[in-house]
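# Analysis of the macromolecular model
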Amino acid sequence: MVENVEAIYQRIVARNPGETEFHQAVKEVLESLGPVLVKHPEFAELKIIERISEPERQIIFRVPWQDDRGEIHINRGFRVEFNSALGVYKGGLRFHPSVYLGIIKFLGFEQIFKNALTGLPIGGAKGGSDFDPKGKSDNEIMRFCQSFMTELYRHLGEHTDVPAGDIGVGGRELGYLFGQYKRITNRYESTVLTGKGISWGGSLVRTEATGYGAVYFVREMLKMRKESLEGKTCIVSGSGNVAIYTMEKLAELGAKVIACSDSNGVIVHEKGIDLDLVKRLKEVERRRISDYADHHKDAKYLAGGNIWKIPCQIAMPSATQNEINGNDARHLVGNGCIAVGEGANMPTTPEGVKIFLDAGIAYGPGKAANAGGVATSALEMQQNASRDSWSFEYTERKLDDIMTRIHASTYETAEEYGAAGNYVVGANVAGFIKVARAVVALGCI
Ligand code: GLU
């Protein structure tokens, strides 16, 4: 990191103590920005990095709810409205016991640049709670969501802040959240949430978008290297929404997915993962991935196993932050992996990223590779605003175009800044410049 940027980084760390994931996300972006300040001294003069690194607004609230036995629980809710220079605050809600302010801030910070890369008019935000949906009944989930929205609703609005899902928040949770919003406000405002069900204002392809988009990004990276997905052996960590639709698109484009996982273990199925079964287990029955092995005797379940030790040509981390450390990255590179496309947010540690970059493999960082989800949220907003609904094919074509454009702009920006083939630099610089220009234009507000 260049000296003046390092000083800014140290001040950010001191002002936000203990928020290690936020520090990690900020450092990763700031490391790319030295040459940008040389080309654009006005960004330094106008303190653009400092302004973008400080959230515009942070909301922390109490979420009390009653379980099925009548016991009262208190969780903590968050919404960090990070930056609205390019458009309304936009970003998902995460319900997971690991959630605290540092996680929401890292996600919100990344979201600013990711959203900028989509080329659509959306600012960056993130929210969530330390609530653990695992093992809760539908009624408990509903009561929690209602309590969460009872505070959050006053901060939302079509022209203000539009949340969506993330880990632990899918169609079911968004339904309960939207129901409570509608009830409190007495307004059917489809535009206030994205990722909605198709029958109540949602967009086709939104469910599939993050996974499909990540695969399109990998397809584009391979194209630059005169390679394709056809016949490639892939592993996809996770088995939630992002992982499922990553596996679906990989298979559709001729690749073979041989492993997926959840936080308890790994399924290896050399014949190719049976996606219908994963969908049934995870989307309908809400079970653990270990049950997969009961249905396929030739599949192996590795309890507590490390998916990154399985040899593959393409790896798509689609579970959570920091799931690939330096050792995992070394295993992947050593086993002949040629491309990594991140469906999850910040799934690779800084040491892991360095190993991928030094090895010269095609490495697509999350803020570029997984932007298809939020991009399709913006397409959902367009449909809601015009009270229209587009076909699956039309929406998917738009998603494909957006991902192809993000790939091109990150690739070209990396070249322009003397870091050919480095999509980390490409994504950070292209995203930052877009936001910085808007911040400058709007004045000191
Ligand atoms: N949570 C998703 C992300 O990480 C989607 C956000 C959205 O659609 O607003 O980008």
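Now for a look at the structure at hand. All values reported here derive from a predicted model rather than from experimental measurement.

What the rule picks out here adds up to 20 aromatic pairs. When the ring of F95 is compared with that of F131, the centres are 6.0 Å apart and the planes differ by 90°; the resulting orientation is edge-to-face. Separated by 36 residues along the polypeptide, F95 in strand β3 (residues 89–95) and F131 in the loop between β4 (124–129) and α7 (138–152) bring together distant segments of the chain. Considered together, F95 and F131 belong to a single accessibility category, that of buried residues. Taking the centre distance of 6.1 Å and the plane angle of 50° together, the rings of Y411 and Y423 count as tilted. Placement of the pair is Y411 in helix α17 (residues 392–416) and Y423 in helix α18 (residues 423–442), with a sequence separation of 12 residues. The ring of Y417 is capped by K39, whose NZ or CZ atom sits 4.5 Å from the centre of that ring. K249 extends its terminal NZ or CZ atom over the ring of Y212, reaching a point 4.4 Å from the ring centre.

By the bridge criterion, 3 bridges tie strand β6 (residues 233–236) to strand β7 (residues 256–261) in an arrangement that is parallel. Its bridge partner lying in β7, T233 is registered against K256. In the classification by handedness, the crossover that spans β6, the intervening helix α10 (residues 241–252) and the parallel β7 is right-handed. Relative to strand β10 (residues 314–316), β6 runs parallel, the two being bridged by 3 bridges. Looking at the pairing, I235 lines up with A315 of β10.

As a further point, take the site of the ligand. Of all residues adjacent to the ligand, which total 14 residues, the nearest are K90, K114, G165, D166 and S377. In the environment of the ligand, an oxygen atom lies 3.1 Å from a nitrogen or oxygen atom belonging to the side chain of N345. Taking S377, its side chain carries an N or O atom lying 2.6 Å from an oxygen atom of the ligand. Looking at the shell around the ligand, the elements with two or more residues in it are β3, α6 (101–117) and α16 (372–385).

Look at N186: it is not a glycine, yet its phi comes out positive at around 60°. By secondary structure assignment, the location of N186 is in the loop between α8 (171–185) and α9 (206–224). Even without a glycine there, the phi angle at V205 is positive, about 80°. Of note, V205 is situated in the loop between α8 and α9. Take V205: its relative accessible area is 2%, and that puts it in the buried class.

Rules used throughout
- Residues numbered from 1 in each chain as written.
- Predicted model: local features only at pLDDT ≥ 70, side-chain atom pairs only at ≥ 80, totals over all residues.
- Heavy atoms only, no water.
- Phe/Tyr/Trp six-rings, centres within 6.5 Å; stacked < 30°, edge-to-face > 60°.
- Helix = DSSP H or I, 4+ residues; strand = E, 2+ residues; numbered from the N terminus.
- Buried < 20%, exposed > 50% of the residue type's maximum accessible area, 1.4 Å probe, protein only.
- Lys NZ or Arg CZ within 6 Å of the ring centre and 35° of its normal.
- Pairing = 2+ DSSP bridges.
- Right-handed = clockwise from strand over helix to strand, strands pointing away.
- Near = heavy atom within 4 Å.
- Polar contact = N/O pair within 3.5 Å; in protein donor to acceptor, adjacent residues only side chain to side chain.

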